[in-house]
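# A look at the structure
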Amino acid sequence: MKLKKENILIVDDNYDMLELLQRNLKSFNFHAYKASSVHEAIEVLKSTSIDLLITDLQMPEINGIELIKYASEHFPSIPKLVITGFPSVDTAINAVKSGALDYLTKPFTSEELKKAIQMCLKNAVQNTNQTIEKKVLKEPFYSGIVGDSEEHFKLIDVIERVKDNRVTVLIEGESGTGKELIARAIHYNGRFASQPFITVNCGGIPETLLESELFGYVKGAFTGANETTKGLFHAATGGTIFLDEIGNASLTVQSRLLRVLQEKEITRIGSQLAEKIEIRIISATNSNLQNMIKNGTFREDLYYRLNVVSIESTPLRNRKSDLLPLINTFIKKYEKEYGKSNITITPKAIDLLTRHDWPGNVRELENIMQRLIVLCDHEIDVDLIPKQLKYKQPSESAHLKPLHEIEKAHILKVLSAVNNNKTKAAEILQIDRKTLRQKLQ
Ligand SMILES: Nc1ncnc2c1ncn2[C@@H]1O[C@H](COP(=O)(O)OP(=O)(O)OP(=O)(O)O)[C@@H](O)[C@H]1O
Ligand SMILES: [Mg+2]
């Protein structure tokens, strides 16, 4: 997983100090946000996802301790570092009591600043991990996502990390693995949950319409553009736009998307006016974008922009410990829907379901469970399970052998065809006799 550069907010009433800190932060490869008063700082905290707050203590009007207190109450997960020109045990204790992790005394060297920042960020990650771990262990059901496997808990961990900021997320995985469910969970559990969540099916809208649907147009931009219209990006402002099946977006749409991601602004078709937007983009695909990049159908630069955080949604066959909780969830869901109750499933039936490869993933499992619940009286047993699940078709991967086995079989076949004549066999195999001897050994 690749995460963004950290956003650091620096607060100081002294302009020269702000400039100096900003230069330092840039050279350490962080994004710097500046505020020259507590009021300004609070505005930034409210509108931006900040990873570390660095504040001066002595400021006119409201002092830094008040800011630390405010941030500790409203943004407890943001670590706070204090810089002060008046070192005293009292100030230090006061700052730490109010929620600061550490304090630096002016003047400090760039190296001291770097160390203090690293310590604060590391500390924050450890704290987040601890809270996530506690939370995740209790959450086999997370926003409709059910599971009990290591992959399931890892997934929830990533959702927890990205849900509160506007970092761009790309979800890749086979059909039916829950990509849309993940996108919704990120949005509805995060800070922007009250803002819109807009899904765009990039494969479902005709290519000619997708651009105008996404970006809107001005009156007269093309034939039929009778009035100025807002696009889906506008509609999702403040919230999340979910670009589903992004692999199906045309190259024209891809280049427009790239501009949106680079400039954070959109231009309606036919307009010269660019408008700033605050939006989170989550995209999903079951296509292999890497292959599409190789054959020129997907832009590499767009791929990297979309893929700031990447989430792999694992096929069900590779996380079979999710099966049982999923089966139980679907039993509960569908017995209610079909007016049944107390439906059970036999261990043999579970065993059969566990052996299946689930090429259609959770969607396939849900369909089968729905059907089984309709058909059964009170118990789901082997006799109800569809034939294709009972007599397992060997999957394509089961036929695939390691290279050394194929090589061995081929060498033996050639040798037998030439009556064990090693010179002839080596000639046919186009290797020298010594190599053949080694391989036979
Ligand atoms: N972990 C899960 N827990 C509960 N239900 C799940 C889970 N994963 C997927 N589902 C269900 O499976 C179905 C398919 O999920 P979803 O539509 O999110 O998959 P997808 O990866 O977007 O598929 P596609 O690529 O075909 O669009 C949905 O009904 C969803 O609710
Ligand atoms: Mg989907």
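The protein goes by DNA-binding NtrC family response regulator in an unreviewed UniProt entry, where it is assigned to Flavobacterium lacus.

Further remarks concern the overall build of the protein. Along the backbone of the protein there are 20 helices and 18 strands. A globule of 441 residues ought to have a C-alpha radius of gyration of about 22 Å, yet the protein, at 29 Å, is considerably larger. Burial statistics for the protein: of 441 residues in total, 43% are counted as buried. Summarising the internal contacts of the protein: among those between residues at least 6 apart in sequence, 69% fall at separations of at least 24. Charged side chains in the protein number 58 positive and 56 negative. The centres of these two groups are separated by 6 Å.

With that settled, consider the UniProt feature "modified residue: 4-aspartylphosphate" (unreviewed entry) in the protein. Mapped onto this numbering, the UniProt entry annotates "modified residue: 4-aspartylphosphate" (unreviewed entry) at Asp56. Here aspartate 56 is to be found in strand β3 (residues 52–56). Residue class for aspartate 56 comes out buried when judged on its relative accessible area of 4%. Each residue touching aspartate 56, except ones within four places of it in the same chain, is listed here: Val11, Asp12, Asp13, Gly64, Ile83, Thr84 and Lys106.

Of all five residues in β3, five are buried, a share of seventy percent or more. Burial of the side chains of β3 extends over both faces: Leu52, Ile54 and Asp56 are buried on one face and Leu53 and Thr55 on the other. Pairing analysis gives four bridges linking strand β1 (residues 7–11) to β3, with the strands arranged parallel. Its bridge partner lying in β3, valine 11 is registered against threonine 55. Viewed along the sheet, the connection from β3 through helix α3 (residues 64–74) into strand β4 (residues 80–84) turns out right-handed.

This part takes up the nonpolar core. Ranked by internal contacts, the top residues of the largest apolar core, which has 31 residues, are Leu214, Phe233 and Ile241. Counting residues per element, the ones that place at least two in this core are β9 (197–201), α8 (207–215), α9 (232–235), β12 (240–244), α10 (251–263), α11 (289–294) and α12 (300–306). With five residues, α10 is the largest single contributor of residues to this core. Contacts of phenylalanine 233, omitting those with residues within four sequence positions, involve Leu214, Phe215, Ile241, Leu257, Val260, Ile266, Ile277, Ile279 and Ile281. Leu316, Leu323, Phe330 and Leu352 belong to the second-largest nonpolar core, a separate cluster that totals 24 residues.

Parameters and conventions
Residues numbered from 1 in each chain as written. Chains lettered and ligands numbered in written order. Predicted model: local features only at pLDDT ≥ 70, side-chain atom pairs only at ≥ 80, totals over all residues. Heavy atoms only, no water. Helix = DSSP H or I, 4+ residues; strand = E, 2+ residues; numbered from the N terminus. Rg over C-alpha atoms; globule rule 2.2 N^0.38 Å. Buried < 20%, exposed > 50% of the residue type's maximum accessible area, 1.4 Å probe, protein only. Contact = heavy atoms within 4.5 Å. Lys, Arg positive; Asp, Glu negative; His and termini not counted. Charge placed at Lys NZ, Arg CZ, Asp CG, Glu CD. UniProt positions renumbered as here; feature names shortened; annotations may be inferred. Pairing = 2+ DSSP bridges. Right-handed = clockwise from strand over helix to strand, strands pointing away. Core = buried A, V, L, I, M, F, W, Y, C linked by side-chain atoms within 4.5 Å.

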